[in-house]
Each structure stands twice: as C-alpha cells, then as structure tokens.
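# Notes for the structure review
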Amino acid sequence: MVREHGVSQRQAAKAVSLPQSTVRYKPRPRKDEEVISQLQELVEKHPSIGFWQCYYRIRRKGLKWNHKRIYRVYTALKLNIRRRSKKRLPARVKQALFQPAVPNEVWSVDFMSDALWDGRTFRLLNIVDDYNREVLHMEADTSLPTLRLIRALEYLREFRGLPKMIRVDNGPEFISAKLDAWCKDNKIALVFIQPGKPMQNAYVERCNGNIRRELLNAYVFTTLAEVREKAEEWRMDYNCSRPHQSLGFVPPAEYHKIQIPMLKPK
C-alpha cells in the first residue's frame, strides 16, 4: 500500500487496523549471559537441584530476575531434571507427626548406606533437629555401632545441649540396651516409630532423600575422607544457604534466628 498508493506508513497501518508499534517493532537481543553464568555455577556445585532451588538461591543473592526469565534460560540450557511419576499406593491410616515448638525438643536420628567406587560399603549417621530441620551432625564410616551414636550425641552436648526426645526407627543400633541406658541417665525419652511406618519419622526421612539425591547420587567417592569432606560441605550449605519450602524459603539457621526472638517473653 505504501509503494502502490504513495501513502505514509502511519496511514497504511491505520487503513488495515494495524498498530504502529507492531509495524515498527524491532526485536532486541536478549542479554542472558549473567543468568546463564549464575545457573551454571549453581548446577556445577549442586548437580541435582531443580529449578525452584536455583531460583530461590539466585533471589537470595539479591538478583531480582523473575522466575519466568530464569526458567526460560534454565530450559534453554536443558537443565530440566526428569521426575519419576508417583506410584499409586494403597490407602493408609495417617498418624499425626509431633511438631516441636522450640529447638532441642525433638531430634530425629537415622542411618543411610552407600558404597565407594571400589565397592566397599559405608554408612552415614544423620541427626536432625525437627524444629527447624537443621542437620546437627553427619558421620560416615564403614561401621557405626551404638557406641558411635552415643559418642556423636555426647559431642553435640558440648555446644548444642541435649533434646527432650529422640525419635528413631527399630534398627539394631537403636534397640540396644546401651542407648536405652544412656537416654535414661540423661532424662531423654527414646521414641520408636511403628515398624513399616517411616512417615512417623518424616523429618529425617525427607532429609535422607535430599542427601541421597544431592550428595550420594551426585558424586563418586573413592575414600571415606572424600565422603566426610563432601558431607560436611553439604551440611553447611543445607543449614545456612539452602532455602526450605516448609520454612518459608529460608535456611534453617536463618529461621532459627528469626523465631528465637519471637519465643522470648517481652
């Protein structure tokens, strides 16, 4: 129309009801280098975290990109993690999980197993404070009997104190008479979950899942020293940097600092 009838671009656009902004639009190249750098840095350090963990970690650094932009770059880099579909399970009777109101009220303890590159198996002892999901201690060795568990609890007593209750499953380390006697001497209630009911120990079980996905399945270990080093590094990141959805997307250490002043009497 502009060429044939000699009218202006504005008149031609008006004749065909086309906005001038559409006619004059020129796409600008997207500058996503900084977003790409941040995502690659996170995924390199934490190979198994998903999009929302990346997003909240980036936001905690003070970078104000919205989730749509980050997700566009995230998918363009093909960082999506394939999720397993949920299995259909038979209906079960739910039991309420006690939620502590203050720190050191309930600790959950559990063991995990894995193997080194040469096939040697090792175990991992995890102790979690149910109040703010803080991982208090992680210990790795080829064998972790009851005495090692008691030693870990004595170590925590020095700077953390002891809880009022310890929740455990029915493993051989927990049903030991030595642990029972130690708990009675320290006036700690030793609470056992029902056999086959891991959800009664949900806090530490959820933590175990994170450890399996983000630590044990993410790295190949050749020595126990490597396991201990990576476990301590993961624990510090989990407590101080990793946003937790159940805590309002703040780390356990920060949640602890926020909540303690609210619990003090005025």
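Residues numbered from 1 in each chain as written. Predicted model: local features only at pLDDT ≥ 70, side-chain atom pairs only at ≥ 80, totals over all residues. Heavy atoms only, no water.

We now examine the sheet that holds strand 3 (residues 134–141). The mixed open sheet is built from five strands, whose spatial order is 3-2-1-4-5. Edge positions in the open sheet fall to strand 3 and strand 5 (189–192), since each of these has one partner strand only. Pairwise comparison of adjacent strand axes, ignoring direction, gives a mean angle of 25° for this sheet. Where strand 4 (residues 165–168) and strand 5 come together, four bridges link them in parallel fashion. In the strand pairing of strand 5, Arg-167 is matched with Val-191. (Pairing = 2+ DSSP bridges. Helix = DSSP H or I, 4+ residues; strand = E, 2+ residues; numbered from the N terminus. Axes fitted to C-alpha atoms, helices over the stretch in contact; angles between N-to-C directions.)

Right, let's talk about the environment of Gln-200 for a bit. Among the secondary structure elements, Gln-200 is positioned in the loop between strand 5 and helix 9 (202–216). Remark: the alpha-carbon pair of Gln-200 and Val-168, spanning 32 residues in sequence, is separated by 9.4 Å. Within the structure, Gln-200 has its side chain in polar contact with the side chain of Gln-194 (distance 2.5 Å). (Polar contact = N/O pair within 3.5 Å; in protein donor to acceptor, adjacent residues only side chain to side chain.)

Judged by side-chain polarity, Val-16, Leu-18 and Val-23 come together as a nonpolar surface patch covering roughly 220 Å² of accessible area. Tracing the sequence through the fold places Val-16 in the loop between helix 2 (9–15) and helix 3 (20–24). (Patch = residues over 30% accessible without salt bridge, like charges linked within 9 Å, V, L, I, M, F, W, Y side chains within 5 Å. Areas by Shrake-Rupley, 256 points an atom, 1.4 Å probe, with all protein chains shown as cover. Salt bridge = Lys/Arg side-chain N within 4 Å of Asp/Glu carboxyl O.)

Throughout the structure, instances matching the rule amount to 14 aromatic pairs. Between Tyr-55 and Tyr-56, the aromatic rings sit 5.0 Å apart at their centres with planes inclined by 70°, giving edge-to-face as the arrangement. Relative accessible area serves as the criterion here: at 23%, Tyr-56 is assigned to the partly exposed category. An angle of 70° between the planes, with centres 5.3 Å apart, marks the rings of Tyr-155 and Phe-159 as edge-to-face. Remark: Phe-159 and Tyr-155 occur in helix 7 (residues 146–159); sequence separation between them is four residues, near one turn of the helix. A residue is classified by how much of its surface remains accessible, and Tyr-155, at 45% relative accessible area, is partly exposed. Every member of this aromatic cluster is reached through a ring pair, and the members are Phe-51, Trp-52, Tyr-55, Tyr-56, Tyr-71, Tyr-74 and Phe-249. Sitting above the plane of the Phe-111 ring, Arg-123 keeps its charged end 4.5 Å from the centroid. (Phe/Tyr/Trp six-rings, centres within 6.5 Å; stacked < 30°, edge-to-face > 60°. Buried < 20%, exposed > 50% of the residue type's maximum accessible area, 1.4 Å probe, protein only. Lys NZ or Arg CZ within 6 Å of the ring centre and 35° of its normal.)

Purely geometric numbers; function is a separate question.
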